[in-house]
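Remarks on the overall topology
Single-letter residue listing:
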Amino acid sequence: MDNDFENKIKELKSKIQSYPDFPKQGILFWDIFSEISDGSTCKLLQSLLVQTIKQNFPEVEAVIGLEARGFLFSFSLAAELGIGCLPVRKKGKLPGVVESFKYDLEYGSDILEIQKNAIRPGLKCLIVDDLMATGGSITATANLLKTCGAEVIGCVVVMELVTLNGRNNIPDGIPVCSLIKYD
Ligand SMILES: O=P(O)(O)OC[C@H]1O[C@H](OP(=O)(O)OP(=O)(O)O)[C@H](O)[C@@H]1O
Ligand SMILES: Nc1ncnc2[nH]cnc12
Ligand SMILES: [Mg+2]
């Protein structure tokens, strides 16, 4: 990593606020919205994500955004890269034929869905989200995509909670790039 990139990451890190005991006792919540409330940080974050994707996943054909916070990034990244943007949503929100997968979070459990007709066999997909904690959401999404016949080439997240070991819980050695790491 070059010095310029590292300095920009430090700047990003300095903008993120955390909230103890939200949404449950014992959880330290890292708030992506504190990061993007000012215009220059939005621009910086977008450019670092684009750089990371171009360097690590140049073959990407579709960006997969996870509801809700992943949507902050998936459309703008897909638009900038000129590729498709496909949503993964919580149960009951997507029309048509969907594939579903139940998963656990750091603070609960949920069901994710994807529209089957959006995926063609072998589509090279990159999962994008604000944060990886246990890796449950990314794992569920990777399983959904594989069930639909897509190829999961990797994941990009803004923040990674390293101590929760999410990276090692994700199946098949799918590579994860995170901009900011918290111990
Ligand atoms: O690695 P994991 O343990 O799966 O946790 C990370 C996920 O948890 C949060 O989403 P959440 O489902 O809480 O809600 P939101 O994005 O809809 O706000 C966060 O935005 C990630 O998607
Ligand atoms: N600690 C945390 N902060 C923000 N979002 C999260 N999603 C799962 N764990 C989280
Ligand atoms: Mg989320």
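Every chain begins its residue count from 1, and numbering advances along the sequence as written. Each chain gets a letter, beginning with A, and each ligand a number, beginning with 1, in the order they are written. Only residues with pLDDT of at least 70 are given local features in this predicted model, and only at 80 or more are side-chain atom pairs given and counted; all residues enter the totals for whole chains, interfaces and linings. Side-chain descriptors were evaluated using all non-hydrogen atoms of the structure, hydrogens and water having been removed beforehand.

For the largest pocket, the calculated volume is near 410 Å³. Around the largest pocket, the lining comprises 27 residues; the ones closest to its centre are Arg69, Leu105, Tyr107, Leu131 and Ser137. Residue assignment for the lining of the largest pocket shows that the elements contributing at least two residues are strand S2 (28–31), strand S5 (98–105), strand S7 (124–132) and helix H5 (136–147). Under the scheme used here, helices are H or I runs from DSSP no shorter than 4 residues and strands are E runs no shorter than 2 residues, and both carry numbers assigned from the N terminus. By residue number, the principal contributor to the lining of the largest pocket is S7, which donates four residues. With a 1 Å grid spanning the protein atoms alone, the term cavity applies to any set of points in which a 1.4 Å probe fits but cannot get out, the term pocket to an open set with protein on both sides within 12 Å along at least five of seven lines, and the term lining residue to any residue with an atom within 4 Å of a point. Grid points are joined across faces, edges and corners, and a volume is the space filled by probe spheres set on the points.

So, about helix H3 (residues 39–56). Helix span, expected: 1.5 Å multiplied by one less than the number of residues in the helix. Between its terminal C-alpha atoms H3 stretches 26 Å, which fits the 26 Å expected from 18 residues at 1.5 Å a residue. What H3 keeps buried is the set Thr41, Leu44, Leu45, Gln46, Leu48, Leu49, Val50, Thr52 and Ile53. Taken together, the buried residues of H3 touch helix H1 (3–15), helix H2 (32–35), helix H4 (71–81), S7, strand S8 (151–161) and strand S9 (176–182). Summary of the burial criterion: residues with accessible area below 20% of their type's maximum are buried, those above 50% are exposed, and those between are partly exposed, where the area comes from a 1.4 Å probe applied to protein chains only. Residues count as neighbours in contact if any of their non-hydrogen atoms are within 4.5 Å of one another.

In this section: the packing of aromatic side chains. Aromatic contacts are taken between Phe, Tyr and Trp rings whose centres are within 6.5 Å, Trp giving its six-membered ring; a plane angle under 30 degrees counts as stacked, one over 60 as edge-to-face, and the others as tilted. Under the criterion given, the structure shown has two aromatic pairs. Between Phe22 and Phe29, the aromatic rings sit 5.0 Å apart at their centres with planes inclined by 85°, giving edge-to-face as the arrangement. The class of Phe29 is buried, set by a relative accessible area of 12%. Geometrically, the ring pair formed by Trp30 and Tyr182 is stacked, given 3.6 Å between the ring centres and 15° between the ring planes. Of this pair, Trp30 sits in strand S2 while Tyr182 sits in strand S9, and the two are 152 residues apart along the sequence. Under the relative-accessibility criterion, Tyr182 is labelled buried at 10%.

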